[in-house]
Amino acid sequence: MPPESPRLSKEGQDDNVERVTTVSMATEQNGSLNQRMPTSQNQAQEGVGAAFASNVAAFDVQLHEYSNGYHFPPKYPIKEQVRMVMVSFWNFYNTGFGFFLTIYSLNVIAWGGMLFLLLCNAAPEMCWVNGTYDCNHIDSPRRIWIETDSQILNGLFCVTGFGLAPWRFRDWYFLLRYRLQGDQKALRTLAGVHRGWFRLSGSDQLPVALGPKNIDEMPANYNINGVPYPLETISDAPPTGIRAPPTDLWKLDFVVYFNVANTFLQCVLSGFMWALNRYDRPSWSTGLFVCLACIAGAIAGIMMGVESKHVKAIEGVALTKGDMERLARDKELGIPHYNNISDKDPEVKKEKERRKQQKKSEKTTSIGTDNGR
């Protein structure tokens, strides 16, 4: 970041000129110019000083620097972001797991979309049965395909619901050991499993340079309860030189229990789908347990995603060679980048929140006034 941004300097100059012009016009409109002149100069100086202070504050936000000189990756234009995503996806797709996950996801999307269209009665011609038009007839092509579609989707959901069950019940076992017996080693094991988003109490006091590559070489002058188990599962040394604060333990409970709930709900759904045929199965069972299982899995994933982003916003993310080249080039060109994970001005967000709170307070005040009347 250059010491002076052209965009900000131009805004500052425009602001200063506007303030000085306004003060001067106000002075000329009043009588006794000789008496008013000292006051107008003071006001102009105050306006210039306020504008300069606001620009300095903007520079402080924009040029926020870490002690080790770290800078967050820049935000790329949409076209470059799309290109980078496509390249990353292609590299992932060429791996065995990436190919399997892609085919699996496409099947879920395709069969799920077909089920949605059938439920919306997008194909009315499938409602004819023996010359009678009845979309809800049990033997209509529409109902037969809904059953087929539901069975396929249930099988696809079993891949994750049952396939991840051993790891989910392992997490549940360690969580119960900690909650019922106070086993710190069990909690440290969970911290190692969820190292991407969960931070132990006291982990923010660990040496900044401590990471999985050098933990065996570092002297053991730190609180062992703040380090995951095994030791090699400790999170990487934070690029910013600042460690994220400890994560609330209830969030770990939240993720573990909702993952386990997803597996249990999938068991119930499979029981209805496999033990009962479409003539005897209650009509509400399939839709209810599909929704509950999906919601349970999605909520756990959202919690992990939100906490992971929170950790990255504090500890930083690794810079690629392209990121460093882009930052160096933009610095030479005078293109500003805010030193945060979203590359956005945090003052804008604060201003929006302030206005939102102000509107909320005004609304509350108006409601109280109306009730008083």
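## With respect to the nonpolar core
Core analysis: the largest hydrophobic core is formed by 14 residues, its most contacted members being Leu-175, Leu-187, Leu-190, Trp-197, Phe-198, Leu-200 and Leu-252. Broken down by secondary-structure element, the contributors of at least two residues to this core are helix 6 (165-181), helix 7 (184-193) and helix 8 (249-275). The biggest single contributor to this core is helix 7, with four residues. Contact partners of Leu-175, with chain neighbours within four places excluded, come to Leu-190, Leu-252, Asp-253, Val-256 and Tyr-257.

## A short note on the state of the cysteines
In total, this model carries one disulfide according to the counting rule given. Here Cys-127 is linked by a disulfide to Cys-135, with a sulfur-sulfur distance of 2.1 Å. An S-S torsion of about 95° defines the bridge between Cys-127 and Cys-135 as right-handed. With no disulfide of its own, Cys-267 has Cys-158 as its nearest cysteine by sulfur position, at a separation of 8.0 Å. Judged by its relative accessible area of 37%, Cys-267 is partly exposed.

## Digging into the side chain of Thr-102
Summarising the element assignment, Thr-102 is placed in helix 4 (residues 96-119). Its relative accessible area of 12% is what places Thr-102 among the buried residues. With sequence-adjacent residues up to four places away left out, Thr-102 is seen in contact with Phe-89 and Tyr-93.

## Comments concerning the packing of helix 5 (residues 141-163) against helix 6
Viewed as axis vectors pointing N to C, helix 5 and helix 6 meet at an angle of 35°, and their least axial separation amounts to 5 Å. Of the residues in helix 6, those touching helix 5 at Thr-160, Gly-161, Phe-162 and Gly-163 are Ala-165, Pro-166, Trp-167 and Arg-168.

## Points about helix 10 (residues 321-333)
In an α-helix, one turn spans 3.6 residues; hence positions three or four apart end up facing the same way. Its 13 residues place the ends of helix 10 19 Å apart at the C-alpha level, agreeing with the 18 Å of an ideal helix rising 1.5 Å per residue. Those residues of helix 10 lying buried are Asp-323, Arg-326, Leu-327 and Asp-330. The arc enclosing the buried residues of helix 10, seen along the axis, measures out at 100°, which places them on a common side. Residues of helix 10 that are exposed and point over 90 degrees away from its buried face: Lys-321 and Glu-332. Check the buried side of helix 10 and you find it contacts helix 3 (78-93). Where helix 10 ends, the next residue or the one after it, Gly-334, has phi of about 80°, a positive value.

## Quick look at unusual backbone geometry
Residue Pro-230 is bonded to the preceding Tyr-229 through a cis peptide linkage, with omega at -5°. Here Pro-230 shows up in the loop between helix 7 and helix 8.

## Overview of the packing of aromatic side chains
In this description, an aromatic ring pair is defined by two values, namely the gap between the centres and the angle between the planes. Per the stated rule, a full pass over the model turns up 19 aromatic pairs. Here the aromatic rings of Trp-197 and Phe-198 are separated by 5.8 Å at their centres, their planes lie at 75°, and the arrangement is edge-to-face. Judged by its relative accessible area of 3%, Phe-198 is buried. Ring geometry for Trp-250 versus Phe-254: centroids 6.3 Å apart, planes at 90°, classification edge-to-face. Taken together, the positions of Trp-250 and Phe-254, both in helix 8 and four residues apart, correspond to about one turn of that helix. The class of Phe-254 is partly exposed, set by a relative accessible area of 23%.

What counts and how
- Residues numbered from 1 in each chain as written.
- Predicted model: local features only at pLDDT ≥ 70, side-chain atom pairs only at ≥ 80, totals over all residues.
- Heavy atoms only, no water.
- Core = buried A, V, L, I, M, F, W, Y, C linked by side-chain atoms within 4.5 Å.
- Buried < 20%, exposed > 50% of the residue type's maximum accessible area, 1.4 Å probe, protein only.
- Helix = DSSP H or I, 4+ residues; strand = E, 2+ residues; numbered from the N terminus.
- Contact = heavy atoms within 4.5 Å.
- Disulfide = S-S within 2.5 Å.
- Axes fitted to C-alpha atoms, helices over the stretch in contact; angles between N-to-C directions.
- Expected span 1.5 Å × (residues − 1).
- Arc of directions from axis to C-beta.
- Phe/Tyr/Trp six-rings, centres within 6.5 Å; stacked < 30°, edge-to-face > 60°.

On their own, these measurements won't tell you what the molecule is for.
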